[in-house]
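# Survey of secondary and tertiary structure
As a plain string of letters, each chain reads:
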Amino acid sequence: MRSAPSRRLTWIMSVLCLMTLLPATAAKADNPIVQTIYTADPAPLVHNGRVYLYTGHDEDSSTYFTMRDWRVYSSTDMANWTDHGSPMSLATFAWADANAWAGHVAYRNSKFYWYVPVRNRATGGMAIGVAVGDSPTGPFRDALGRPLVENSEIDPNVLIDDNGQAYLYWGNPRLWYVRLNTDMISYSGGLTQIPLTTAGFGTRNGNAGRPTLYEEGPWVFKRNGLYYNVFAAECCSEFIGYSTAPSATGPWTYRGTVMPRQGGSFTNHAGIIDYAGGSYFFYHNGALPGGGGYTRSVSVEKFTYNGDGTIPAINMTTAGPPQVGTLDPFVRQEAETSAWSSGVETEASSEGGMNVGFIENGDYVKVKGVAFGNGATTFTARVASGAGGGRIEVRLGSATGTLVGTCTVNGTGGWQSWTTVTCPVSGATGTRDLYLRFAGGGGYLFNVNWWQFAGGGSGGNLLSNGTMEDGTTGWTSSGGTLSAATNVAHGGSRSLLNSGRTAAWQGPHQNVTAQLTNGRSYTTSVWVRSQSGTPSAKATLTLTASGTTSYLQLTPAQTVNANGWTQLTGAATLSWTGTLTSASFYVETAAGTDGLYLDDASFQ
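Report on the accompanying structure.

Rules used throughout
- Residues numbered from 1 in each chain as written.
- Predicted model: local features only at pLDDT ≥ 70, side-chain atom pairs only at ≥ 80, totals over all residues.
- Heavy atoms only, no water.
- Phe/Tyr/Trp six-rings, centres within 6.5 Å; stacked < 30°, edge-to-face > 60°.
- Buried < 20%, exposed > 50% of the residue type's maximum accessible area, 1.4 Å probe, protein only.
- Lys NZ or Arg CZ within 6 Å of the ring centre and 35° of its normal.
- Helix = DSSP H or I, 4+ residues; strand = E, 2+ residues; numbered from the N terminus.
- Polar contact = N/O pair within 3.5 Å; in protein donor to acceptor, adjacent residues only side chain to side chain.
- Contact = heavy atoms within 4.5 Å.
- Disulfide = S-S within 2.5 Å.
- Salt bridge = Lys/Arg side-chain N within 4 Å of Asp/Glu carboxyl O.
- Core = buried A, V, L, I, M, F, W, Y, C linked by side-chain atoms within 4.5 Å.
- Pairing = 2+ DSSP bridges.

Enumeration over the complete set of coordinates arrives at 37 aromatic pairs. Ring centres of Tyr107 and Phe112 lie 4.7 Å apart, and the angle between their planes is 40°; this geometry places the pair in the tilted category. Judged by its relative accessible area of 2%, Phe112 is buried. Each residue in the set Tyr54, Trp70, Phe93, Trp95, Trp114 and Phe140 is aromatic and connected to the rest through ring pairs, giving one cluster. Positioned above the aromatic ring of Tyr305 is the side chain of Arg223, whose terminal nitrogen or guanidinium carbon lies 3.7 Å from the ring centre. If you follow Arg332 out to its NZ or CZ, it ends over the ring of Trp450, 3.8 Å from the centre.

Written out as structure tokens, the structure reads:
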């Protein structure tokens, strides 16, 4: 019999309390970001057009900071987040025995460095360790086999300055930095303590031992030539304050409050990024059922800097930021990608990545801003059931909204014994919030690994075999060798490899002449990685009309690498004069001849 995760009990016992405490709009909330576990101490990173969110993990029913692993989530639209599981835990560091607390990830040398505070088994004190990974989602391995620095203080943060000098900051109750070497796992010089003056970090009253507001959790970054240090201030409970400086080492000047004391957790922890033309502030609170100071949840708000560069006051909301663009349902989407979920859990899948599991009757997953265009005709899901199965109700607008399709899931003989089910869909048009509601008898019903819609009419994917699961079917190459690859895949079990390219413009392509309409706008989404090297890739459409050939760039060029997948996305309006005789969608590089992998391509 499948064992139940303890969080299920927390949800059942606390859901009525949540309904009482949150405003009436909470049913449409997208904050907190994660509902399947308690998350804390956000550390966002923008890489190759995607936001990666690194968090700690508060264990269920904790009465202290009981944390044993770290988690990774990612998003391209700031509304729907993909769960990548736990690529690092205390076991990663053989010398550590407790306290997987607030960390930070930096990218350099084509690698990802995760700096974390853990308890050193030998000394019993807190130390800063560093792990390294080849992909933003891991796995990560201990880079040193020992602490990088150790002085019984916590909360590391890394800034890589414009001149290439990297700094590691950390501290509670003091504030420190070291100058990291370019290898990011060693440093030059000694540990430098930053003077905590009232001018630099504000005045705390009634505590002679800690005269300034600085408490912990520095988040140091540079914007328009000015250095910012955003930190948790004056426990307990904490608010978020910040200081600025003309250099990475100061002198610092206190600027005021960013986020007041809010949210049901006596700690807070900030992270700030710029992404897709906006600025975003990450934090944690105790907003989920059963939440509090030791069971926290990460949230995010969008904000705009004041004209003079100061940060405005930001309040916690349940709404979260507006969605960036829309989600494409005509390419494979991971079931663990959602804006909100109720009742479900996630777990590692035997097919790679994560799956949604521990599903019971009435549970659901919400996916925000799904662009169905002129309509979808079928819904397909990858499912497994060690019981009798159940049903997936495809609904729009809410968990009880318009029912546009129902897929029956039968038992498959195991919770990781996967099969694919497909059902007809009617009425899924335009851009809507999608709810996958799960129904059936008692106990756990089934697991879901991924899902995808197929379109009817011009709203669907114009590319055949966009998932690459049918090998090279539908695709040709303008140079080199095209083959199906099973060693790497963004979704499913296959991708498309174009090796042996001899020119930058050569790449996988597909004829779409008959599907195009003059003057219509089309959106593109395709996942790309290199076989080697770090070329800049883009999707392009070549059009030949009345003997004249033109080239339309469909997506901005982005650097791709061999360590992970990069999503190329964009929108373009087509226009030609005369009779269209040829049109081809293809992926190319700005320069170089590195081999390219493609997967989950959509042009609609």
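Alright, that's what it looks like, and here's the rest.
The next thing to look at is the side chain of Asn172. Counting through the fold element by element, Asn172 comes out in the loop between strand 13 (166–170) and strand 14 (176–180). Polar side-chain contacts of Asn172 include one of 3.3 Å to the side chain of Arg210. Setting aside chain neighbours within four positions, we find Asn172 in contact with Glu153, Ile154, Arg210, Glu215 and Glu216.

Let us now look at the state of the cysteines. Disulfides are covalent bonds that connect the sulfur atoms of two cysteines. One pass over the full model with this rule turns up two disulfides. Between the sulfur of Cys235 and that of Cys236 lies a disulfide, 1.5 Å long from S to S. A torsion of 55° about the S-S bond marks the disulfide between Cys235 and Cys236 as right-handed. Using a relative accessible area of 25% as the deciding quantity, one classes Cys235 as partly exposed. Here the cysteine-cysteine linkages of the protein chain are recorded as 1-2, 3-4, numbering only bonded cysteines and doing so in sequence order.

Quick look at the pattern of salt bridges now. For the coordinates displayed, the defined rule picks out 18 salt bridges. Where Arg174 meets Glu153, a salt bridge forms, and the shortest distance between an N and an O atom there is 2.6 Å. Here the residue Arg174 occupies a position in the loop between strand 13 and strand 14, and Glu153 occupies one in the loop between strand 11 (149–150) and strand 12 (157–160), the gap between them amounting to 21 residues. Residue classification places Arg174 among the partly exposed residues on the basis of a relative accessible area of 34%. You can call Glu153 buried: its relative accessible area is 1%. Shared partners join several salt bridges into a network, and the residues in it are Asp30, Lys366 and Lys368.

Right, let's get into the nonpolar core. Grouped together as the largest cluster of nonpolar side chains are 44 residues, with contacts concentrated most on Tyr54, Trp114, Val230, Ile272, Phe281 and Ile311. The element contributing the most residues to this core is strand 8 (residues 111–120), with four residues. Contacts of Ile311, omitting those with residues within four sequence positions, involve Tyr228, Val230, Tyr242, Val258, Ile272, Phe303, Tyr305 and Asn306. Core analysis: the next-biggest nonpolar cluster, separate from the first, contains 32 residues, Val404, Ala428, Leu434 and Val448 among them.

Bringing the environment of Asn447 into the picture now. Relative to the helices and strands, Asn447 is located in strand 34 (residues 447–455). Accessibility expressed as a relative area gives 0% for Asn447, which makes it buried. A polar atom in the side chain of Asn447 sits 2.9 Å from the backbone oxygen of Trp415.

Here strand 30 (residues 390–396) pairs with strand 31 (residues 402–409) via seven bridges, running antiparallel. Residue pairing across strands places Leu396 opposite Thr402, the latter belonging to strand 31. Linkage of strand 30 to strand 31, two consecutive antiparallel strands, is achieved through a turn of five residues, within which Gly397 is found at a positive phi near 90°.

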